[in-house]
Amino acid sequence: MKKLVVLFLGLTLVAPVVAKASCPPKGELQKKLKDIIQGSWEIEAVRELKDLNLCGVIIRSGLRSTVIYVDPKVNYLFTGNLFNLKTKENLTDKLSQGYSRVSPEVLKNLESLTDLKFNEGKKKYVYFISDPDCPYCRRLEPVLKDWANKNGVEIRHIFFPLPIHPKAKDKAIDIICSKKGYEYAHKDFEPQNLCERGKNKIERNVEYLSKIGVNATPTLIGMNGKVIVGLPQSERELNELIK
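These notes cover the structure that comes with them.

What counts and how
Residues numbered from 1 in each chain as written. Predicted model: local features only at pLDDT ≥ 70, side-chain atom pairs only at ≥ 80, totals over all residues. Heavy atoms only, no water. Helix = DSSP H or I, 4+ residues; strand = E, 2+ residues; numbered from the N terminus. Rg over C-alpha atoms; globule rule 2.2 N^0.38 Å. Buried < 20%, exposed > 50% of the residue type's maximum accessible area, 1.4 Å probe, protein only. Contact = heavy atoms within 4.5 Å. Areas by Shrake-Rupley, 256 points an atom, 1.4 Å probe, with all protein chains shown as cover. Core = buried A, V, L, I, M, F, W, Y, C linked by side-chain atoms within 4.5 Å. Pairing = 2+ DSSP bridges. Axes fitted to C-alpha atoms, helices over the stretch in contact; angles between N-to-C directions.

Below, the discussion takes up the overall build of the protein. Looking only at helices and strands, the protein features 8 helices and 11 strands. What you see for the protein is a C-alpha radius of gyration of 25 Å, clearly larger than the 18 Å of a compact globule of 243 residues, by over 25%. Projected onto its principal axes, the C-alpha coordinates of the protein cover approximately 95 × 40 × 30 Å. Split into buried and exposed, the 243 residues of the protein put 45% on the buried side. Within the protein, contacts between residues separated by at least 24 positions form 62% of all contacts whose residues are at least 6 apart in sequence. Summed over all atoms, the accessible surface of the protein reaches about 14500 Å², with 54% contributed by carbon and sulfur.

Below you can see the structure in the form of structure tokens.
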């Protein structure tokens, strides 16, 4: 019996250890994923989650950064929030931190593009990039105003009319030319005052915002450079813009 035990232990000790595969480099991943992920995008970073034998891939499209997960051999892919149930930590949020952000230089340039202000004079601020006829922007406006009043935040509004809304550009131009107030930001009205100053200003907005990667509305950019594309999911997410 003793000999059998010794033999068993010996076999256990010499059993081969299977090493976990490493994540592939960005260039290789880009090639493998190009037929799966549509649109214009690039891989910003790849983070190895060794305990899970997964690769966290941070993908950037415009100003939006998204995390997807693949196995090291890139046979499987999934998206969504990944939680550590023991620590209750959102690993997806942790991975994405620092990527959906613009530089201090961009923030300075955005200041000169501001068309309207709400809660003017507050020390904290966010940029609200919107289309006058964007339905999601209209849904966000009252929520954002309530949050701004509650937290002492100035909303710096920049118009970015989209081609899918035929009257949006003329509305934005009229608001600038007629010096209309913030209540007109998403109001239904027939634009009439289409001065050259307003036309030039909107063209400058579109040119610069497109250059830095804005391609959708609403887009929020915080005083710390953090970016939210689309509707914020919670007040906590909005609070991240002013930390």
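Still to come is the rest of the account.
Time to look at the nonpolar core. The biggest cluster of nonpolar side chains holds 27 residues, and the ones touching the most others in it are Val126, Phe128, Leu144, Trp147, Ile155, Tyr182 and Leu220. At the level of secondary structure, the elements contributing two or more residues to this core comprise β7 (116-118), β8 (124-130), α5 (135-151), β9 (153-159) and α6 (168-177). Setting aside its immediate chain neighbours within four residues, tyrosine 182 contacts Leu116, Lys117, Phe118, Phe128, Glu141, Lys145, Ile155 and His157.

Judged by pairing direction, the sheet is mixed, and its 5 strands sit side by side in the order β7-β9-β8-β10-β11 without closing on themselves. Each of the sheet's edge strands pairs with one partner strand only, and the pair in question is β7 and β11 (227-229). The mean angle between the axes of side-by-side strands here comes to 20 degrees, regardless of whether they run parallel or antiparallel. Pairing between β7 and β9: 3 bridges, direction antiparallel.

Our next topic: the pairing of strand β10 (residues 219-222). Across the two faces of β10 the burial is the same, with Thr219 and Ile221 and Leu220 and Gly222 all buried. As paired elements, β8 and β10 share 4 bridges and run antiparallel to each other. Looking at β10, one finds that isoleucine 129 is bridged to threonine 219. As judged from the 3 bridges shared by β10 and β11, these two strands associate in the antiparallel manner.

Before going further, it helps to examine unusual backbone geometry. Excluding glycine, residues mostly have negative phi values, and the peptide bonds linking residues are mostly trans. Proline 218 follows threonine 217 through a cis peptide bond whose omega is -5 degrees. Mapped onto the elements, proline 218 comes out in the loop between α7 (196-211) and β10. One non-glycine residue with positive phi stands out, namely asparagine 119, at about 65 degrees. Even without being glycine, lysine 179 reaches a positive phi, approximately 55 degrees. Along the chain, lysine 179 falls in the loop between α6 and α7.

Another point: the sheet that holds strand β4 (residues 77-79). Reading across the sheet, the 4 strands line up as β1-β2-β3-β4 and stay open at both edges, with antiparallel pairing between neighbours. Looking at the sheet topology across the chains shown, the edges are occupied by β1 (42-49) and β4. The mean inter-strand angle of the sheet, taken between neighbouring strand axes irrespective of direction, is 30 degrees. Examined bridge by bridge, β1 and strand β2 (residues 54-61) share 7 bridges and lie antiparallel to one another. Each residue of the ladder has a partner; that of arginine 47, found in β2, is glycine 56.

Function-wise, these values are silent; they only describe arrangement.
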